[in-house]
Amino acid sequence: MTNSYASRGLRESATFDRATINDIQRAATTGIYDIRGWGAKRALPHFDDLLFLGASVSRYPLEGYREKCGTDVTLGGRHALKPITLDIPITIAGMSFGALSANAKEALGRGATEAGTSTTTGDGGMTPEERGQSRHLVYQYLPSRYGMNPDDLRKADAIEIVLGQGAKPGGGGMLLGQKITERVAGMRTLPVGIDQRSACRHPDWTGPDDLAIKIAELREITDWHTPIYVKVGASRPYYDTALAVKSGADVVVLDGMQGGTAATQQVFIENVGIPILAAIGPAVAALQELGVHRTVQLIVSGGIRNGADVAKAIALGADAVSIGTAALIALGDNDPRYQAEYEALGSSAGFYDDFQDGKDPAGISTQDPELAARLDPIAGGKRIANYLRVLTLEAQTIARACGKSHLHHLEPEDLVALTVEAAAMAGVPLAGTSWIPGR
Amino acid sequence: MTITHAPAPTNTARITAIDLAVSTVRDLNQALHATDDGTSWVVDTPAGQHNIAVGIDRDLDLVVNGHVGYYFAGMHQKGRVTVHGSAGVGLAENIMSGTVHVTGDASQAAAATGQGGLVVVDGNTGARCGISMKGVDIVVGGDIGHASAFMAQAGRLVVCGDAGEGLGDSIYEARIYVKGTVASLGADCIEKPLRPEHLAELAELLALAGRTDDPAEFRRYGSARTLYHFAAVNAAAY
């Protein structure tokens, strides 16, 4: 298409491209900003800009189908009496019932359980379906406190205090009226059908000194059994990680700007926060300087798609990764078989991001009973488990090639960067050189 | 932990006394979590410590003699708790049921996000009293600070004194009753008529709090419901 325009001598503006022209015209027509789901769509320095150095003379590899490469990870052992051990270092990120259908939440729980990992609640409380199908369930403790109650807190295998998310560090959530059904409204104590705004700050504490007391409160309520995570959107990862550690967190969860959202202003998604590639290094540096790297675990998320991304995140110092958007895609989000319906919604398979509208043809980001029924939670769970297995096998393949008998043995020394930007952000040398910009 | 059993005021129960100068808050909380319904407890020398009596889910009676710090009776689920003193930030935050009574003042975010139950503060509270409340009833004998009942979703907030700036900003369906002056109302919060059913529920709440104020002297505030749906014309209020 573009080539045919070029052959006619037509030149598209790089600054005012067609999507930008559409944005301006849509704003002029409606008078309100664009709200959408998904995460940042702009091109960003990412894990694709890193490569592994496979073993050769100076390193020897492990046999691909013979020699063991461990994948387990234990989270929360710093202070919690009952840390959780996962078979694989790939967890399912927090996504709310409300943003997602109950079937989708159940499928995520089923898949995570089959693969031996955890799933996470979201800004809408814990559903029985999710708890029932999740061996390891992380309960998010959010500013809105929708559905928050101590019984569910005690049922959780871990508690994640959410300070922010990568798609919108500094922003609260929103759930538009189309998705505030009677059940969703009841769980959130809200009128049915309103456009719901979630707070961006916790109502009863501000700052790290208060956070330390809040963490202590949660520990007291759960008799010190339950691991406590602190989740931040990637913006100032060095300081946020250090302050989370100082406040007593067992685990730090760091979400880059590619991390997904159910509904956020596009201007926020694309312009606030930093890519996960740039965030891991400073977070790891903070943990190392405090002497707690691997004692306080680091879970990173935001654009994890394949086993190479998993391996690269771990090599940079993460203990585990979390997937959200990729998990929804595995469930069937943006599946071409719904192409006609995406077109009818003004979108297309591969582009659909109007999660806020609740009209998802795949039955995932919806509360419409007919659409939601399209997703079989058992079959969906199988798809999630399959996908998690592939991610794990791919990460193991790379780790063995680097001579590692456990994914956690991967290290920055195994990596090089393809671009100067990625080298500087990730803190690994530009390929073929020993140069790390800024060091 | 040092626990002494003192004679109860009646002959039918015993009181467990704990001195936080000797025992730790962790010991106290674990004992409260493990105890039976119907027990009575007295805590001395709280010395402003944080997280005292959090997560109680037993139908018990607890009296604290002295000041308490942050999150006293946080996520309280059952029983009757009284503080003869003042309370720090987040008193009875996310209370589910039962009663929490403070005879002195409370700091900011009192009863924040409370889902049910009754919180009574005989004195004043700081800012954000009843922030994001979701069904709790709050009765304050004195004044409340700014940004109280911010994004209040459900429940009743009764203020026998004055309210600070921005009362009920972005309020949903909670009802606010104020006897004194209101420095200013927040976005989408308006005064509403005090009808007989409101006088009746106000009288009931005041009685539960042991107060003798005349319900007819209060004014009622609640949501104008103009911000329930996003609209570009409301941009200044967002």
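Residues numbered from 1 in each chain as written. Chains lettered and ligands numbered in written order. Predicted model: local features only at pLDDT ≥ 70, side-chain atom pairs only at ≥ 80, totals over all residues. Heavy atoms only, no water.

J.: What's the story with the interface of chain B and chain A in this structure? I'm lost.
T.: How big an interface is tends to be stated in terms of accessible area lost as the parts join. At the junction of the two partners, chain B supplies 39 residues and chain A supplies 40 residues. A per-residue breakdown of the area chain B buries against chain A is headed by Tyr71, Met75 and Phe230 of chain B, which together make up 20% of the total. Here chain B is connected to chain A by three salt bridges. Across the salt bridge formed by Arg154 of chain A and Asp57 of chain B, the nearest N and O atoms sit 3.8 Å from each other. Inspection of the chain B/chain A interface yields 15 residue pairs in polar contact (both at pLDDT 80 or more). The element that contributes the greatest number of residues to the side of chain B that touches chain A is helix 1 (residues 25-34) of chain B, accounting for five residues. Across the side of chain B that touches chain A, the residue classes tally to 18 nonpolar, 15 polar and six charged. (Contact = heavy atoms within 4.5 Å. Buried area = accessible area lost by both parts, 1.4 Å probe. Salt bridge = Lys/Arg side-chain N within 4 Å of Asp/Glu carboxyl O. Polar contact = N/O pair within 3.5 Å; in protein donor to acceptor, adjacent residues only side chain to side chain. Helix = DSSP H or I, 4+ residues; strand = E, 2+ residues; numbered from the N terminus. Nonpolar A, V, L, I, M, F, W, Y, C, P; charged D, E, K, R; others polar.)

J.: What am I meant to see in unusual backbone geometry here?
T.: Most peptide bonds take the trans form, and the phi angle of most residues other than glycine is negative. The backbone of Arg145 of chain A shows a phi angle near 55°, a positive value even though the residue is not glycine. On the secondary structure map, Arg145 of chain A appears in the loop between strand 7 (136-141) and helix 5 (150-155).

J.: Is there a simple way to explain the UniProt feature "domain: Glutamate synthase" (unreviewed entry) in chain A in this structure?
T.: Sequence positions flagged by UniProt for "domain: Glutamate synthase" (unreviewed entry) are, in local numbering, residues 82-332 of chain A. The straight-line gap between the two end C-alpha atoms of residues 82-332 of chain A is 35 Å; of that span, 37% is helix and 20% is strand. (UniProt positions renumbered as here; feature names shortened; annotations may be inferred.)

J.: Any chance you could explain the sheet that holds strand 11 (residues 228-233) of chain A here in plain terms?
T.: The pairing of strands in a sheet comes from backbone hydrogen bonds and takes either a parallel or an antiparallel form. Residues and elements named next belong to chain A. Read across the open sheet, the eight strands follow the order 5-15-14-12-11-8-7-6; overall the sheet is parallel. This sheet does not close on itself; its edge strands, each paired only once, are strand 5 (90-92) and strand 6 (118-120). Between one strand and the next, the sheet's axes are offset by a mean angle of 30°, whatever the strand orientation. Of the pairings in the sheet, the one linking strand 14 (residues 297-301) to strand 15 (residues 320-323) comprises three bridges and is parallel in character. (Pairing = 2+ DSSP bridges. Axes fitted to C-alpha atoms, helices over the stretch in contact; angles between N-to-C directions.)

J.: Whenever I open this one, the pattern of salt bridges confuses me. Can you help?
T.: Close approach of charged atoms allows side chains of opposite charge to pair. What the rule picks out here adds up to 41 salt bridges over all chains. Arg80 of chain B is the partner of Asp61 of chain B in a salt bridge, and the nearest nitrogen-oxygen pair spans 2.7 Å. Linking Asp61 of chain B in strand 4 (residues 61-65) with Arg80 of chain B in strand 5 (residues 80-84), this pair joins segments that are 19 residues apart in sequence. Given the relative accessible area of 31%, Asp61 of chain B is considered partly exposed. Overall, the relative accessible area of 37% leaves Arg80 of chain B in the partly exposed class. Linked by salt bridges that have partners in common, Arg36, Lys41, Arg42, Glu270 and Asp353 of chain A make up one network. (Buried < 20%, exposed > 50% of the residue type's maximum accessible area, 1.4 Å probe, protein only.)

J.: What is the right way to read helix 2 (residues 196-208) of chain B from this model?
T.: In an α-helix, one turn spans 3.6 residues, which is why side chains three or four residues apart end up on the same side. Residue and element names in this part refer to chain B. Compared with the 18 Å implied by 1.5 Å per residue over 13 residues, the 18 Å span of helix 2 between its first and last C-alpha is a close match. For helix 2, every residue scored as buried is listed here: His198, Glu201, Leu202, Leu205 and Leu206. Down the axis of helix 2, the buried side of the element spans an arc of 135°, and every buried residue falls inside it. Exposed residues lying more than 90 degrees from the buried face of helix 2 are Pro196, Glu204, Ala207 and Leu208. Buried residues along helix 2 sit against strand 8 (134-140), strand 9 (154-159), strand 10 (175-178) and strand 12 (219-223). Looking one or two residues past helix 2, Gly210 carries a phi angle of roughly 75°, positive in sign. (Expected span 1.5 Å × (residues − 1). Arc of directions from axis to C-beta.)

J.: How should I be thinking about the pairing of strand 4 of chain B in this particular structure?
T.: Residues in a regular strand point their side chains to alternate faces of the sheet. All names here are of chain B. Only one face of strand 4 is covered, namely the one carrying Leu62 and Val64; the face carrying Asp61, Val63 and Asn65 has none of its residues buried. In this structure, strand 3 (residues 40-44) lies alongside strand 4, joined through five bridges in parallel fashion. Residue pairing for strand 4: Val43 is matched across the bridge by Val64. Pairing between strand 4 and strand 5: five bridges, direction parallel. In the strand pairing of strand 5, Leu62 is matched with Val81.

J.: Sorry if this is basic, but what is going on with the nonpolar core here?
T.: Leu50, Leu298 and Ile323 of chain A are the most contacted members of the largest nonpolar core, which totals 95 residues. The contact partners of Leu298 of chain A, leaving out residues within four places of it in the chain, are Val252, Leu254, Ile280, Ala283, Val284, Leu287, Gly317, Ala318, Asp319 and Ala320 of chain A. (Core = buried A, V, L, I, M, F, W, Y, C linked by side-chain atoms within 4.5 Å.)

J.: How do you make sense of a nonpolar patch on the surface when you look at a structure like this?
T.: Taken together, the side chains of Phe16, Ile21 and Ile24 of chain A make up a nonpolar region of the molecular surface, amounting to roughly 270 Å² of accessible area. Along the chain, the position of Ile21 of chain A falls in helix 2 (residues 18-30). (Patch = residues over 30% accessible without salt bridge, like charges linked within 9 Å, V, L, I, M, F, W, Y side chains within 5 Å. Areas by Shrake-Rupley, 256 points an atom, 1.4 Å probe, with all protein chains shown as cover.)

J.: How should I be thinking about the packing of aromatic side chains in this particular structure?
T.: How two aromatic rings sit relative to each other is set out by the distance from centre to centre and by the angle between their planes. Applying the stated criterion to the full structure yields seven aromatic pairs over all chains. Taken together, a centroid distance of 5.0 Å and an interplanar angle of 90° make the contact between Tyr238 of chain A and Tyr239 of chain A edge-to-face. Ring geometry for Tyr338 of chain A against Tyr342 of chain A: centres 6.5 Å apart, planes inclined by 90°, an arrangement best described as edge-to-face. Take Tyr342 of chain A: its relative accessible area is 0%, and that puts it in the buried class. Every member of this aromatic cluster is reached through a ring pair, and the members are Trp38, Tyr338, Tyr342, Tyr352 and Phe355 of chain A. If you follow Arg183 of chain A out to its NZ or CZ, it ends over the ring of Phe97 of chain A, 4.6 Å from the centre. Taking NZ or CZ as reference, Lys214 of chain A lies 3.9 Å from the ring centre of Tyr71 of chain B, over its face. (Phe/Tyr/Trp six-rings, centres within 6.5 Å; stacked < 30°, edge-to-face > 60°. Lys NZ or Arg CZ within 6 Å of the ring centre and 35° of its normal.)

J.: What should I look at first to understand the state of the cysteines in this one?
T.: Chemically, a disulfide is nothing more than a covalent bond linking the sulfur atoms of two cysteines. Throughout the structure, instances matching the rule amount to zero disulfides over all chains. No disulfide involves Cys402 of chain A; its nearest neighbouring cysteine sulfur is the one of Cys69 of chain A, lying 9.8 Å away. (Disulfide = S-S within 2.5 Å.)

J.: What should I look at first to understand the domain arrangement of chain B in this one?
T.: All names here are of chain B. Splitting chain B by domain gives domain 1 (1-105) and domain 2 (108-238). One C-alpha centre belongs to domain 1, the other to domain 2, and the line joining them spans 27 Å. Facing 17 residues of domain 1, the contacting portion of domain 2 comprises 18 residues. With both sides pooled, the region where domain 1 packs onto domain 2 buries about 1,300 Å², and carbon together with sulfur makes up 49% of that total. Our enumeration of links across domain 1 and domain 2 arrives at zero salt bridges. In this assembly, domain 1 and domain 2 are joined by 15 residue pairs in polar contact (both at pLDDT 80 or more). Residue classes in the side of domain 1 that touches domain 2 are distributed as seven nonpolar, eight polar and two charged. (Domains from an automatic or database assignment.)

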